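Observations on the model geometry
Here is what each chain is made of, one letter per residue.
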Amino acid sequence: MPASARSRPEDIVENLSSGDTSARLKALRDVKNQIIGNRSKKLCYIKLGAVPRVAEILASDTETNLLVQSAAAVGSFACGIDSGVRAVLDSGCLPHLLNTLSNGDERVVEAGARSLRMIFQTQLAPQGATFFRSGGALENILRLLASANDDISEVAASVLARCCDFPEQRAAIAQAGALQGLLHLLTHPNPRKVETALDAIASLTRNDEQQSRALLNAPGNPFLTVIIPTVKERSGKSRLLACACVANISRTCPEYGTERTTGPPGSARDVAAAVISALVKLVDCPGEAGEEAPSVLAHFIADSEDLQKLACDADAIGKLSGKLAAGSGVLTPRHRENIFHALAALCSTREEGRRQLVESRALLPVISGLEDAAPGVRAAACACTKSLSRSVKNLRTSLVDASIAEPLFKLLGDPDPSVQATASATLCNIVLDFSPLRSQVVLDGGGVAQLASLAHSMDATLRLNAVWALKNLLFMADSATKARVMREVGYPTLAALAQDPEDGVQEQALMLVRNLVHGKPEDIEAAVRPETGLLEVVDRKLASGARPEVCVQALYVMVNVATGTEEHKERVMATCTPSVLGRFLADESNPQIRVAAVWVLINLTYSKGGNVRSRIERLRRLGLDAQLHKLLSDPCSDVQDRAKTALEQFHEALQPLPQPSVQMVSAHIC
Amino acid sequence: MGKGESSSKKVIGREDWEKRLSDVKIRKEDMNKLVMNYLVTEGYVDAAEKFQLESGVKPEIDLSTITDRMTVRKAVQSGNVEDALEKVNDLNPEILDTNPQLFFHLQQQRLIELIRSGKVEEALEFAQEELAPRGEENHQFLEELERTVALLAFEDTANSPVSDLLDISQRQKTASELNAAILTSQSHEKDPRLPSLLKMLVWAQNQLDEKVSYPRINDLVNATLEDPV
């Protein structure tokens with residue numbers, strides 16, 4: 001039909017709505033044949049409004065040819081360009097495409113299924129939700145899974161693979177019996193069928209304990225006999241997907257993880273080694289398999305130090321760094337993101353991994369990744385720096401040399417909250433007292449100001465990380481640093497954080513106060529002046545029965561305040577704390593709480609004079625010395641020792657021992 | 001036979017060799033599958049049908065798809081590229097939608113056919129409308145496009161530096177690329193297995209030559225064993 005090329009696109013589009021069936025068919029074929037493979041033609045016809053007209057044919061015509069051609073045209077519009085996918089989705093033709101799956105003519109089913117696959121391959125697809133709204137569609141897809149036609153069953157599996165985003169969806173798919181159908185496909189001689197089935201199984205089991213266990217214990221042992229051998233054979237994509245299945249099971253089923261570490265040779269332990277080796281080799285594989293391999297590797301080793309070691313021994317870091325060194329320009333953003341995530345996992349717990357990463361010269365690409373245009377890449381590069389910053393050595397050397405502080409500060413103000421979260425978590429480590437970067441943070445007041453403003457964030461993780469970082473910044477800090485930080489944070493904010501709806505934030509805020517009141521009496525005075533209201537807030541925590549972790553921190557604030565002047569000790573005495581201390585001394589569930597409570601008594605009764613006798617008298621009246629006597633036989637030796645010291649002070653208050661007062665501070669690696 | 005012990009190479013005589021060969025059991029079904037694989041991949045539908053009847057071996061794919069594939073292939077070979085495009089789109093729209101290089105080569109072939117039939121104006125229009133946007137998307141395509149359009153610049157194309165494009169072998173090249181893409185879309189290997197087995201035979205004999213003297217196969221068509229030297 002060479003003449004068709006001459007017709008104007010406008011006329012062809014007009015004919016799509018012609019009353020004459022053969023004219024409609026011809027117009028459809030013309031559109032389809034012009035747009036397939038041709039981006040500019042797709043854009044042209046989308047502009048002319050062809051998509052809604054094609055969708056209309058799909059919705060209202062019944063003739064096989066028209067349905068086949070319209071389904072094919074819709075699929076082509078959705079292939080390769082986002083605006084095409086959007087036009088197709090906006091046209092509302094998805095339910096009609098789903099209807100084609102139950103058509104009596106296999107050609108219609110095949111064309112419809114192919115189109116659906118095109119749509120579900122894109123990121124814009126409404127991820128499976130449609131299936132659960134459209135009655136019977138899921139059942140239809142499962143029926144197609146068993147189709148003798150390779151194309152159809154493959155399409156069904158790949159649609160299923162894109163419908164596994166939410167636990168309810170996975171449960172519905174599993175309940176309809178999909179796993180059996182998919183496992184059956186695994187034994188098919190056609191490698192593409194096996195690949196799509198693996199894809200669906202991997203999606204179904206990802207982060208899903210129930211589905212992972214169903215796969216692990218499926219009758220006939222297909223996990224052992226089919227999936228695991230696939231790790232070593234077949235196409236790159238199949239190897240990757242088989243590895244992903246093993247990773248999913250390993251992450252969600254604890255019994256499999258146990259078998260991995262303690263099982264005999266030939267068991268899960270060897271499988272893990274094979275999977276790691278396959279994944280590391282796949283890093284060099286061209287195409288999707290190579291791009292996704294680092295992501296599967298990161299997922300697999302995330303929680304396991306022994307797997308991280310296995311991967312490092314297989315030179316994963318060298319391979320991944322090599323990819324980065326080849327120039328990040330040639331890698332897609334997704335590829336860079338995956339590599340950074342893998343590197344972050346590889347050096348999350350092991351110092352050896354961190355050393356390898358620094359030595360493989362991957363640090364520069366990581367630092368420049370912090371300024372990448374794609375938010376996912378920035379977050380992943382930041383995760384790398386977080387892992388690296390867990391090393392004291394790196395904090396003192398390589399990270400300083402790489403001038404990491406500045407790009408990190410920038411990320412605190414990143415538009416993407418997940419980037420901000422990782423950046424603030426990294427800063428927690430950067431500001432530890434042994435890190436030369438701390439002074440940089442303090443001197444360049446901008447960092448403190450940013451952390452202070454993050455402490456107001458609506459996002460609980462950001463608040464947590466910001467307070468955590470500020471707490472670490474104040475660990476063993478001098479008076480000037482404390483004053484500087486509090487100028488930015490403000491006492492009302494700190495008081496509010498100590499009463500945050502999230503327990504974790506409360507705990508960190510109280511640790512911050514604890515660090516603030518550690519040191520000279522001036523430091524204590526600045527924080528517990530009545531105007532700040534801080535002591536009152538801390539006291540209320542203890543009186544109101546907050547959670548044990550929060551109470552421990554609140555008690556240590558009192559411990560530190562009681563190291564101050566006579567006046568400070570009397571201020572502690574004036575709170576409700578002495579009257580509730582008995583409850584904490586008798587708390588059998590938590591030795592840490594008992595230790596903290598005894599420390600309060602030690603510091604209140606340690607003195608070279610002043611009011612100490614009066615304080616001891618008041619504490620005795622509360623029955624606390626009797627409770628201390630009971631603690632001499634405490635199961636926890638630390639409690640015993642401290643109680644002994646406290647009692648000695650109770651008895652020898654007239655002739656005080658030259659004992660140093662004890663102060664408590666707190667810092668944590670994040 | 002039986003050379004002296006002084007010889008550096010071990011010699012295996014014909015009798016011994018044939019005995020060893022007959023010890024290797026190859027299942028008849030496997031041989032038949034190999035033949036069927038060749039017939040299907042190369043597109044010999046009639047022969048495949050007859051062979052199926054005779055041997056009982058099932059072809060790996062529906063034989064009707066071979067017919068479709070051969071029609072598409074023939075269309076390109078006879079210069080009806082547009083026809084081939086429509087047919088392959090009917091077969092499976094994903095083939096050309098997901099394979100920009102193949103799509104470009106088919107469009108290029110269409111341009112060549114227009115030039116061959118002397119439709120200069122149509123050829124220019126087609127190059128500008130259909131091919132130029134592909135050239136913008138991909139630098140390699142642009143170079144190939146420039147070479148093709150150069151055909152229009154020569155009066156005597158047969159003696160031009162780009163004469164190869166008008167050669168029948170160019171059609172064969174495009175047809176084979178399309179054929180391979182269709183086979184891949186049907187999850188079938190692009191090439192039959194038999195030729196690679198023959199390649200392995202030749203390689204194995206060359207390796208063996210360095211160590212032993214044995215009855216070699218030099219005539220691959222008849223597979224006759226030559227006496228060892």
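The model shown is predicted, which means the values in this text are computed figures rather than measured ones. (Residues numbered from 1 in each chain as written. Chains lettered and ligands numbered in written order. Predicted model: local features only at pLDDT ≥ 70, side-chain atom pairs only at ≥ 80, totals over all residues. Heavy atoms only, no water.)

1. Regarding the overall build of chain B
Convention followed: Helix and strand assignments follow DSSP, with helices taken as H or I runs no shorter than four residues and strands as E runs no shorter than two, numbered in order from the N terminus. With the radius of gyration taken over C-alpha atoms, the globule rule is written as 2.2 Å times the number of residues to the power 0.38. Relative accessible area decides the class of each residue, using a 1.4 Å probe on protein chains only: under 20% of the type maximum gives buried, over 50% gives exposed, and in between gives partly exposed. Contacts: residue pairs with any heavy atoms within 4.5 Å of one another. Every accessible area reported is derived by Shrake-Rupley at a probe size of 1.4 Å, with residue values counting cover from the shown protein chains alone.
The helix and strand inventory of chain B stands at eleven helices and four strands. What you see for chain B is a C-alpha radius of gyration of 25 Å, clearly larger than the 17 Å of a compact globule of 229 residues, by over 25%. On the principal axes, the C-alpha backbone points of chain B span a range of 80 × 45 × 30 Å. Scored against the burial criterion, the 229 residues of chain B give a buried share of 40%. Contacts in chain B between residues at least 24 apart in sequence constitute 55% of all its contacts with a sequence separation of at least 6. For chain B, the exposed surface amounts to about 13600 Å²; the carbon and sulfur share of it is 53%.

2. Section: the interface of chain A and chain B
We count it as follows: What gets called buried area is simply the loss in accessible area from a 1.4 Å probe that two parts show on being joined, summed for both. Within this document, salt bridges are pairs made up of a side-chain nitrogen of Lys or Arg and a carboxyl oxygen of Asp or Glu, the two lying within 4 Å of each other. Side-chain atoms alone can form a polar contact between residues adjacent in sequence; in general such a contact is a pair of N or O atoms within 3.5 Å, and within protein one must be able to donate a hydrogen while the other accepts it. Ten residues, namely Ala, Val, Leu, Ile, Met, Phe, Trp, Tyr, Cys and Pro, are considered nonpolar, four, namely Asp, Glu, Lys and Arg, are considered charged, and the remaining ones, Gly among them, are considered polar.
Across the contact, 27 residues belong to chain A and 22 residues belong to chain B. Summing the contributions of chain A and of chain B, the shared interface buries around 1900 Å²; its carbon and sulfur component is 37%. Between Glu86 of chain B and Arg29 of chain A there is a salt bridge whose closest N-O contact spans 3.6 Å. Applying the counting rule to chain A against chain B returns 14 residue pairs in polar contact (both at pLDDT 80 or more). Secondary-structure elements contributing two or more residues to the side of chain A that touches chain B are α2 (21-35), α3 (39-47), α5 (64-77), α8 (106-121) and α11 (150-161) of chain A. In the side of chain A that touches chain B, the residues fall into eight nonpolar, eight polar and eleven charged.

3. Focus on the nonpolar core
What counts here: Note on terminology: a nonpolar core comprises buried Ala, Val, Leu, Ile, Met, Phe, Trp, Tyr and Cys residues joined through side-chain atoms within 4.5 Å.
Ranked by internal contacts, the top residues of the largest apolar core, which has 229 residues, are Leu160, Tyr256 and Phe300 of chain A. With residues up to four places along the chain from it excluded, the contact list for Leu160 of chain A reads Leu138, Ile141, Leu142, Leu145, Ile173, Ala178, Leu182 and Ala200 of chain A.

4. Details of empty space enclosed by the protein
Cut-off, in case you're wondering: Every definition here rests on a 1 Å grid over the protein atoms only: cavities are sets of points where a 1.4 Å probe fits but cannot get out, pockets are open sets enclosed by protein on both sides within 12 Å along at least five of seven lines, and lining residues have some atom within 4 Å of a point. Grid points are joined across faces, edges and corners, and a volume is the space filled by probe spheres set on the points.
Under the defined criterion, the tally for this structure stands at three cavities of 30 Å³ or more. Lining the second largest cavity are Ala72, Gly75, Ser76, Ala111, Arg114, Ser115 and Met118 of chain A together with Pro93, Glu94 and Asp97 of chain B. Mapped by element, the contributors of at least two residues to the lining of the second largest cavity are α5 and α8 of chain A together with α6 (94-97) of chain B. At four residues, the largest contribution of residues to the lining of the second largest cavity is made by α8 of chain A. Within the lining of the second largest cavity, the residues separate by chemical class into four nonpolar, three polar and three charged.

5. As for the UniProt feature "domain: CTLH" (unreviewed entry) in chain B
Rule in force here: UniProt positions are given in the numbering used here, feature names are shortened, and annotations may be inferred rather than shown by experiment.
UniProt's entry tags residues 65-122 of chain B with the feature "domain: CTLH" (unreviewed entry), counted in the numbering of this structure. Annotated as 83% helix and 0% strand, the span residues 65-122 of chain B places its first and last C-alpha atoms 34 Å apart.

6. A look at the confidence of the model for chain B
Just so we agree on the cut-off: Confidence scores here are pLDDT values: one per residue, from the predictor, ranging 0 to 100.
On average, residues of chain B score 88 in pLDDT, and 97% of them are at 70 or above. In this model residues 1-6 of chain B is a low-confidence stretch, pLDDT under 50, and it forms one contact with partners more than four residues away in sequence or in other chains.

7. A word on the domain arrangement of chain B
All names here are of chain B. Our working rule: The domain boundaries here were taken from an automatic or database domain assignment.
Taken domain by domain, chain B holds domain 1 (1-60 + 188-229) and domain 2 (92-187). On a C-alpha basis, the centres of domain 1 and domain 2 stand 40 Å from each other. Of the residues lining the interface, four residues belong to domain 1; the matching set on domain 2 comes to six residues. Each partner contributes to the roughly 390 Å² buried at the junction of domain 1 and domain 2, and carbon and sulfur atoms together form 59% of this total. Taken together, the connections running from domain 1 to domain 2 amount to zero salt bridges. The tally of links from domain 1 across to domain 2 stands at zero residue pairs in polar contact (both at pLDDT 80 or more).

8. Some points on the UniProt feature "repeat: ARM" (unreviewed entry) in chain A
The feature "repeat: ARM" (unreviewed entry), as annotated in UniProt, sits at residues 136-178 and 177-220 of chain A in this numbering. Overall, residues 177-220 of chain A shows 70% helix and 0% strand. The separation of its end C-alpha atoms is 16 Å.

9. Some thoughts on the packing of aromatic side chains
A ring pair, where both rings are aromatic, is described by two values, the distance of the centres and the angle of the planes. Residue and element names in this part refer to chain B. Put simply, the rule is: The aromatic pairing rule takes the rings of Phe, Tyr and Trp, using the six-membered ring of Trp, and pairs them if the centres are within 6.5 Å, calling planes under 30 degrees apart stacked, those over 60 edge-to-face and the rest tilted.
Within the structure shown, the criterion is met by three aromatic pairs over all chains. Ring plane angle 35 degrees and centroid distance 5.1 Å describe the contact between Trp17 and Tyr214, whose orientation is recorded as tilted. Taken together, the residues Trp17 in helix α1 (residues 14-23) and Tyr214 in the loop between β2 (212-213) and β3 (217-219) connect sequence positions 197 residues apart. You can call Trp17 buried: its relative accessible area is 16%. Its relative accessible area of 5% is what places Tyr214 among the buried residues. Note on Phe104 and Phe141: the rings are 4.5 Å apart at their centroids and 5 degrees apart in plane angle, and the pair reads as stacked.

10. Structural notes on the environment of Arg594 of chain A
Residue and element names in this part refer to chain A. Inspection of the secondary structure assignment puts Arg594 in helix α42 (residues 591-605). It is 54 Å that separates the C-alpha atoms of Arg594 and Gly177, two residues lying 417 residues apart in sequence. Setting aside its immediate chain neighbours within four residues, Arg594 contacts Phe584, Leu585, Asp587, Glu588, Ser589, Leu631, Asp634, Pro635, Cys636 and Val639. Among the polar contacts made by the side chain of Arg594, one reaches the side chain of Asp634 at a distance of 2.8 Å.

11. Focus: helix α45 (residues 637-651) of chain A
Residue and element names in this part refer to chain A. Formally: One less than the number of residues in a helix, times 1.5 Å, gives the span that helix is expected to have.
End to end, α45 covers 21 Å across 15 residues, agreeing with the expected 21 Å (1.5 Å per residue, within 8%). Here α45 has its buried residues at Val639, Ala643, Thr645, Ala646, Leu647, Gln649 and Phe650. Each element contacted by the buried residues of α45 is listed here: α42, α43 (612-621) and α44 (624-631).

12. Observations concerning the packing of helix α8 (residues 120-137) of chain B against helix α9 (residues 139-149) of chain B
The description of two helices packed together rests on the angle between their axes and the distance between the axes. All names here are of chain B. What counts, and what does not: In this analysis an axis means a line fitted to C-alpha atoms, helices contributing only their contacting stretch, and an angle means the value between N-to-C directions, from 0 to 180 degrees. Here a crossing is called left-handed whenever its near helix is offset anticlockwise from the far helix by less than a right angle, and right-handed whenever the offset is clockwise.
Contact geometry of α8 with α9 gives a least axis separation of 5 Å together with a crossing angle of 145 degrees. Crossing of α8 against α9: the hand is left-handed. Across from Ala127, Leu131, Ala132, Arg134, Gly135 and Glu137 in α8, the residues of α9 making contact are His139, Phe141, Leu142, Leu145 and Val149. A class-by-class count of the residues in the contact of α8 with α9 yields seven nonpolar, two polar and two charged.

13. Points about the side chain of Gln69 of chain A
Within the fold, Gln69 of chain A resides in helix α5. In contact with Gln69 of chain A, not counting residues within four places along its chain, are Leu25, Leu28, Arg29 and Lys32 of chain A together with Asp90 of chain B.

14. Thoughts on unusual backbone geometry
The backbone of Asn207 of chain A sits at a positive phi, close to 55 degrees, despite the residue not being glycine. Among the structural elements, Asn207 of chain A can be located in the loop between α14 (191-205) and α15 (209-216). Its identity as a non-glycine residue notwithstanding, Ala223 of chain B has a phi of 55 degrees, on the positive side. Tracing the backbone shows Ala223 of chain B in the loop between β3 and β4 (224-225).

15. Observations concerning a nonpolar patch on the surface
All names here are of chain B. Rule in force here: Distance thresholds for patches are 9 Å for like charges and 5 Å for nonpolar side chains (Val, Leu, Ile, Met, Phe, Trp, Tyr), applied to residues having over 30% relative accessible area and no salt bridge.
Among the surface-exposed residues, Leu198, Leu201, Val202 and Leu220 lie close enough to one another that they form a single nonpolar patch of about 270 Å² accessible area. Within the secondary structure, Leu220 sits in the loop between β3 and β4. For Leu220, a relative accessible area of 38% gives the class partly exposed.

16. Digging into the pattern of salt bridges
With the rule as written, the count across this model stands at 55 salt bridges over all chains. The residue Lys237 of chain A makes a salt bridge to Glu288 of chain A at a minimum N-O spacing of 3.5 Å. Of this pair, Lys237 of chain A sits in helix α17 (residues 236-252) while Glu288 of chain A is found in helix α20 (residues 288-301), placing the two residues 51 residues apart along the sequence. Looking at Lys237 of chain A, the relative accessible area reads 18%, which means it is buried. Since its relative accessible area comes to 48%, Glu288 of chain A is described here as partly exposed. Where Arg20 of chain B meets Asp16 of chain B, a salt bridge forms, and the shortest distance between an N and an O atom there is 3.5 Å.

17. Quick notes on the packing of helix α4 (residues 63-77) of chain B against helix α5 (residues 81-91) of chain B
All names here are of chain B. How we decide: Comment on the angle field: the value is read as roughly parallel under 35 degrees, roughly antiparallel over 145, roughly perpendicular from 65 to 115, and oblique elsewhere.
At a closest axis distance of 7 Å, the pairing of α4 and α5 adopts a crossing angle of 160 degrees. Classified by the angle their axes make, α4 and α5 are roughly antiparallel. Here α4 runs over α5; the crossing is left-handed. Judged by residue contacts, Asp68, Thr71, Val72, Ala75 and Val76 of α4 engage Val81, Asp83, Ala84, Lys87, Val88 and Leu91 from α5. Taken together, the residues of the contact of α4 with α5 break down into seven nonpolar, one polar and three charged.

18. Section: α14 of chain A
All names here are of chain A. With 15 residues, α14 extends 21 Å from end C-alpha to end C-alpha; this agrees with the ideal 21 Å at 1.5 Å per step. Counted residue by residue, α14 has twelve buried out of 15 residues, so it is predominantly covered. Buried residues of α14: Lys193, Val194, Thr196, Ala197, Leu198, Asp199, Ala200, Ile201, Ala202, Ser203, Leu204 and Thr205, and no others.

19. Let's talk about the state of the cysteines
Cysteine pairs can be linked by a disulfide, which is a covalent bond between their two sulfur atoms. Residues and elements named next belong to chain A. Applicable threshold: Disulfide assignment relies on a single distance test, namely cysteine sulfur atoms paired within 2.5 Å.
Applying the stated criterion across every chain yields a total of zero disulfides over all chains. Unpaired in terms of disulfides, Cys79 finds its nearest cysteine sulfur in Cys93, a separation of 15 Å. Judged by its relative accessible area of 7%, Cys79 is buried.

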